[in-house]
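The residues making up each chain are set out below.
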Amino acid sequence: MSTRLVERLEREIAQAEDPFERECLKAQHAAVIARLGMLDQAKFTLAGLRTQSRRLGDPRLQAWVHFVDASIHYFSAAHSARSLSGFQAARDAALKCGDTRLQALACAWLAAAKMQYGRDAALLEVLGEAFRLAAPDDHATLSRAWLVLANMADYGDRFEESMRCYDRVRAHAVADGDSTAVSLMMYNRANSLISHHVRRELFGTATATAVERVLAEIESTANLDWGLGNTALASFAQVVRAEALTVVGRWAEAIALINQYLDRHVKETSPASGARFLAHRAWCHASLQHNSQAQADAEATL
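Residues numbered from 1 in each chain as written. Predicted model: local features only at pLDDT ≥ 70, side-chain atom pairs only at ≥ 80, totals over all residues. Heavy atoms only, no water.

Colleague: Just checking my understanding: could you explain helix α14 (residues 273–287) for this structure?
Modeller: Quick reminder: α-helices carry 3.6 residues per turn. Residues three or four places apart thus point the same way. Given a rise of 1.5 Å per residue, 15 residues ought to cover 21 Å, and the 22 Å separating the end C-alpha atoms of α14 matches this to within 8%. Within α14, burial applies to Ser-273, Gly-274, Phe-277, Leu-278, His-280, Arg-281, Ala-282, Cys-284 and His-285. Once α14 finishes, Gln-289 follows within two positions and takes phi at roughly 65°, a positive value. (Helix = DSSP H or I, 4+ residues; strand = E, 2+ residues; numbered from the N terminus. Expected span 1.5 Å × (residues − 1). Buried < 20%, exposed > 50% of the residue type's maximum accessible area, 1.4 Å probe, protein only.)

Colleague: Quick question: what am I supposed to make of the pattern of salt bridges here?
Modeller: Side chains that differ in sign of charge can pair as their charged atoms come close. Taken as a whole and judged by the stated rule, the model has 15 salt bridges. Between Asp-176 and Arg-8 there is a salt bridge, with the nearest N and O atoms lying 3.4 Å from each other. With Asp-176 in helix α9 (residues 159–176) and Arg-8 in helix α1 (residues 4–15), the pair connects residues that are 168 residues apart, well separated along the chain. Among the residues examined, Arg-8 registers a relative accessible area of 28% and is labelled partly exposed. Here Glu-23 ties to Lys-26 by a salt bridge, and the two come within 3.4 Å at their closest N and O atoms. (Salt bridge = Lys/Arg side-chain N within 4 Å of Asp/Glu carboxyl O.)

Colleague: How should the nonpolar core be read in this particular structure?
Modeller: Membership of the largest hydrophobic core comes to 50 residues, with the highest contact counts inside it found for Trp-64, Phe-67, Val-68, Ile-72, Phe-87 and Val-148. Every element with two or more residues in this core is listed here: α1, α2 (19–35), α3 (39–56), α4 (59–74), α5 (82–97), α6 (100–116), α7 (123–133) and α8 (139–155). In terms of residue count, the dominant contributor to this core is α6 (eleven residues). Apart from residues no more than four positions distant in its own chain, Val-68 is found in contact with Ala-27, Ala-30, Ala-31, Leu-46 and Leu-49. (Core = buried A, V, L, I, M, F, W, Y, C linked by side-chain atoms within 4.5 Å. Contact = heavy atoms within 4.5 Å.)

This is the structure in structure tokens:
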């Protein structure tokens, strides 16, 4: 498995002459491969980073240890809420040692974790800190920060604004060579488009052609992930595809996908994410006149 970002970090690790800088690059590499689903390899690197952190006694490396640990928890199957405290610790340690770039990155991911777990009270504050600290070429921070903002726009039913934010995510992710961030942006964007078409369907203005285009985008992105060996987003792709199938009336196919991937998706994201897809399955069952199943799913969403 390889992306331009992974390849660049591996070259920089091989070329680094300073032991401390090499360890920091290893930390960045570990955080990136955690996002690709390579958690065992990331954990192995983290163990070495902990040893080197104790040996070198440098607070900046300790900040990276917190960040990698939080990243592993964020992308683990259990999706542990420990990522919140981990990203917070990384942010605090980076602030203490004056590493502004790492502080900005940790803030962007802390904002993402706060949104994931519904901790919205300080979300805007920490997201604002990420944007304020990020340099124009800090694509890793800005791609994640703009994705959080895009998700917020989606939740606020501000469709056009969310599309503009997704464009920003794409620009920074492409500039960073981060194919995983591009994939995540595409799935989130498709999710937003499907939600938009669902609302249009409810008012009788949705078009099958537009939804079929979204389906084609999802398939294209899933094929890219398969080619890269990226399994971290597999369930996300399928449940978004199921939503699209619902809108175009392919209800039995949508039910089959949700049945196959819903539990995995909830484990990989959060329990709250399941309600949306249960609602879609209820819609499918109702459309097929499976009334008892539709009622059960509708009640389970509440």
